[in-house]
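Notes for the structure review
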Number of protein chains: 2
Amino acid sequence: MNRNKRAPSEVHNDQRTAILAKSEALFAGRGFPSTSMNDVAEASGLSKATIYHYFSDKEELLQTIAETHVSRLLAVVKLVEREDYPPDERLRQLILGFMREYETAHDAHRVLTEDVRFLESGARAAILAKERKVVAAFANALAAIRPELRSAKLDKPLTMFLFGMINWMFTWVDAKGPLSYEDMAELVTDLFFGGFSQVHHGRQPGKENPK
Amino acid sequence: MNRNKRAPSEVHNDQRTAILAKSEALFAGRGFPSTSMNDVAEASGLSKATIYHYFSDKEELLQTIAETHVSRLLAVVKLVEREDYPPDERLRQLILGFMREYETAHDAHRVLTEDVRFLESGARAAILAKERKVVAAFANALAAIRPELRSAKLDKPLTMFLFGMINWMFTWVDAKGPLSYEDMAELVTDLFFGGFSQVHHGRQPGKENPK
DNA sequence: CCTACCGATCGGTAGG
DNA sequence: CCTACCGATCGGTAGG
C-alpha cells in the first residue's frame with residue numbers, strides 16, 4: 001500500500017544517510033585527503049552533482065561524520081553518569097561503553113581520530129570541545145577513585161594513556177581474531193586498573209629530580 | 001682552508017639529507033597525501049627538478065623516511081637485547097629507549113605510524129616486516145617475565161596496548177608541558193607493569209563464557 | 001538528479 | 001661526455 005508514494009523527505013533522508021555511510025567507509029579506508037568527491041559519488045551510485053545537493057562541500061561530509069560520532073560518545077558518557085555507579089564501576093562502564101561503540105562504529109571512530117585535523121579551524125574546534133568533555137568525564141571517574149592522582153596532575157595523562165590503548169586498537173585488532181570486544185574491554189580494564197594503582201602517587205610532574 | 005673545494009659527494013649528501021628533513025616535517029604536519037612535491041621543493045629551497053634528481057618519486061621520500069626510522073627502532077631493540085638484562089629490566093629499557101627515540105624523532109615516528117599505509121604494497125610490506133620484529137621483541141620480553149601470558153596468547157595484545165599508549169602520545173603531549181619524556185617513560189612503565197601483573201592469567205581468548 | 005564543464009593544481013619530465 | 005641543477009611546461013585529474 002502506497003508503495004510509490006513515500007514522503008520526499010524520507011527519500012531525501014535515505015539518500016543523505018547512504019552518502020554519509022559510503023563516505024565514512026571511504027575516509028576510514030584511504031584517508032580524507034586521498035578520497036575524491038568522484039569516489040564518493042561512484043560508491044554512492046550517484047552523480048557528483050547530487051552529492052553537492054546534500055552537502056555544500058567535501059569538508060561538510062567530514063564534519064558531519066565526526067560531529068555525529070563524537071556526539072554519540074558523549075551520549076554514552078551521559079548514560080553512564082546518570083546511573084550513579086560507585087567511582088570504580090563508573091570507570092569500568094565508561095570503558096565498556098566505549099569498546100562497544102568502537103565495535104559498532106569502527107569507521108566513524110577512525111575518521112574521528114585521524115581526519116579531524118583536516119577540518120578548518122572553526123569546525124575542528126567544535127569537535128575538539130566535545131572530545132575534551134569526553135576526556136574530562138574519564139579523568140573525573142579516575143580522580144574519584146584516586147584523588148591523589150588529580151592533585152599530582154596525573155589524572156589527565158593517565159586518561160590519555162587509556163585512550164591510547166583504545167584508539168590504537170583499529171591498527172591491529174582483527175575482527176575475526178579470537179578476542180571479542182568484550183574480551184578486549186576486560187583486558188583494557190584489568191590493565192588500566194592494575195596499572196594506575198601502581199603509579200607512585202607521591203610524584204609531582206617535573207619534580208622528579210629536585211636538584 | 002679549501003673552503004671552496006668540498007667533495008661533490010658531500011654536497012650531494014647534505015642536499016639529500018636536507019630534503020628528507022623537510023619532507024619529514026611536512027608529512028608529519030599535514031599528512032603525506034596533502035603534501036605536494038611543490039611544497040617539498042619550496043621548503044627545501046630547491047626546484048622540483050632537483051628533488052627529482054635525488055628521489056625518483058614522491059613515494060620514495062616516504063619510503064626512505066619510514067625505513068630509516070623503523071631501522072633505528074630495531075637498532076634500539078638490538079642494543080637493549082645485547083645487554084642481557086633480566087627480563088623485567090629488559091622491558092623497562094625497551095620502553096625507555098623508545099620514549100627517547102620518540103622525543104628526538106617525533107616527526108619520523110608520526111610519519112611511520114600514519115603514512116606508511118600510503119606506500120604501494122611491496123614497500124609497505126618491507127616496513128611492516130620490521131615493525132613486526134619490534135613488536136615481537138617487546139612481546140618476548142613480556143613473555144619472559146610472565147610466561148602464562150604467552151600460553152594464554154595475551155602477550156601480543158598486551159604489547160599492542162603498550163604501543164597504543166606510546167604511539168598515541170603525539171596527539172596530546174605538549175613539549176612545553178610539565179612532564180618530560182623521562183617522566184612519561186616512568187609513568188608508562190609503572191602503568192604497564194602494574195597492569196599486566198593484574199591480568200587474569202587463567203583466561204584464554206574466546207573462552208570467557210563457556211556455554 | 002545529470003552532463004558538461006571551469007580554474008587551479010597535481011606528480012612528474014622536457015630541453016639546455 | 002658527465003654531474004648537478006634550472007625555468008617552463010607536459011598530460012591528467014582535483015574540487016567545485
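As a structural note, the neighbourhood of DNA strand D is formed by 14 residues, with Ser36 and Lys48 of chain A together with His12, Thr50 and Tyr54 of chain B the closest of them. Counted by atom, the contact set of DNA strand D within 4 Å of the protein is 66% sugar and phosphate. Within the contact set of DNA strand D, a phosphate oxygen lies 2.9 Å away from a side-chain nitrogen or oxygen of glutamine 15 of chain B. Elements with a minimum of two residues in the surface near DNA strand D: α2 (37-44) and α3 (48-54) of chain A together with α1 (8-30) and α3 (48-54) of chain B. In terms of residue count, α3 of chain B provides more of the surface near DNA strand D than any other element does, three residues in total. Residue composition of the surface near DNA strand D, grouped by class: four nonpolar, seven polar and three charged.

It is worth spelling out the packing of aromatic side chains at this point. By the definition in use, this model includes 14 aromatic pairs over all chains. With a centroid separation of 5.4 Å and 85° between ring planes, the pair formed by tryptophan 172 of chain A and phenylalanine 161 of chain B is classed as edge-to-face. Separated into two different chains, tryptophan 172 of chain A in the loop between α9 (155-167) and α10 (181-196) and phenylalanine 161 of chain B in helix α9 (residues 155-167) make up a pair that spans both. Both rings, one in tyrosine 102 of chain B and one in tyrosine 181 of chain B, keep their centres 5.7 Å apart while their planes meet at 40°; by these two values the pair is tilted. Note that tyrosine 102 of chain B is positioned in helix α5 (residues 87-104) and tyrosine 181 of chain B in helix α10 (residues 181-196), a separation of 79 residues in sequence. Residue tyrosine 102 of chain B is classed as buried on the basis of its relative accessible area of 1%. Grouping aromatic residues by their ring pairs yields a cluster made of Phe27, Phe32 and Phe118 of chain A. The residue whose ring lies beneath lysine 58 of chain A is phenylalanine 32 of chain A, and the NZ or CZ to ring-centre distance is 4.4 Å. The ring of phenylalanine 193 of chain B has arginine 92 of chain B lying over it, and the distance from NZ or CZ to the ring centre is 4.2 Å.

Moving on, we get to the domain arrangement of chain A. Residue and element names in this part refer to chain A. We note that the domain assignment places domain 1 (1-55) and domain 2 (58-198) within chain A. Each partner contributes residues to the interface: domain 1 has 17 residues there, and domain 2 has 13 residues. Summed over both sides, the interface of domain 1 with domain 2 buries roughly 1400 Å², with 73% coming from carbon and sulfur. It is Glu24, Ala28 and Phe32 in domain 1 that bury the most area against domain 2; as a group they hold 43% of the surface buried on that side. Counting the contacts that link domain 1 with domain 2 gives three residue pairs in polar contact (both at pLDDT 80 or more). Here the side of domain 1 that touches domain 2 gets eight residues from one element, more than from any other, and that element is helix α1 (residues 8-30).

Both copies of the chain are related through a single rotation about an axis accompanied by a shift along the same axis. The two copies are related by a screw operation: chain A maps onto chain B through 180° of rotation and 0.1 Å of translation along the axis, at an RMSD of 0.1 Å. Put plainly, the chains are arranged around a two-fold axis. Relative to the rotation axis, the C-alpha of glycine 195 of chain A is the closest in chain A, positioned 1.9 Å from it. Both copies present the same face, since 100% of the interface residues in chain A are matched by interface residues at the equivalent positions in chain B.

Cut-offs applied
- Residues numbered from 1 in each chain as written.
- Chains lettered and ligands numbered in written order.
- Predicted model: local features only at pLDDT ≥ 70, side-chain atom pairs only at ≥ 80, totals over all residues.
- Heavy atoms only, no water.
- Near = heavy atom within 4 Å.
- Polar contact = N/O pair within 3.5 Å; in protein donor to acceptor, adjacent residues only side chain to side chain.
- Helix = DSSP H or I, 4+ residues; strand = E, 2+ residues; numbered from the N terminus.
- Nonpolar A, V, L, I, M, F, W, Y, C, P; charged D, E, K, R; others polar.
- Phe/Tyr/Trp six-rings, centres within 6.5 Å; stacked < 30°, edge-to-face > 60°.
- Buried < 20%, exposed > 50% of the residue type's maximum accessible area, 1.4 Å probe, protein only.
- Lys NZ or Arg CZ within 6 Å of the ring centre and 35° of its normal.
- Domains from an automatic or database assignment.
- Contact = heavy atoms within 4.5 Å.
- Buried area = accessible area lost by both parts, 1.4 Å probe.
- Least-squares fit on C-alpha atoms with pLDDT ≥ 70 in both.

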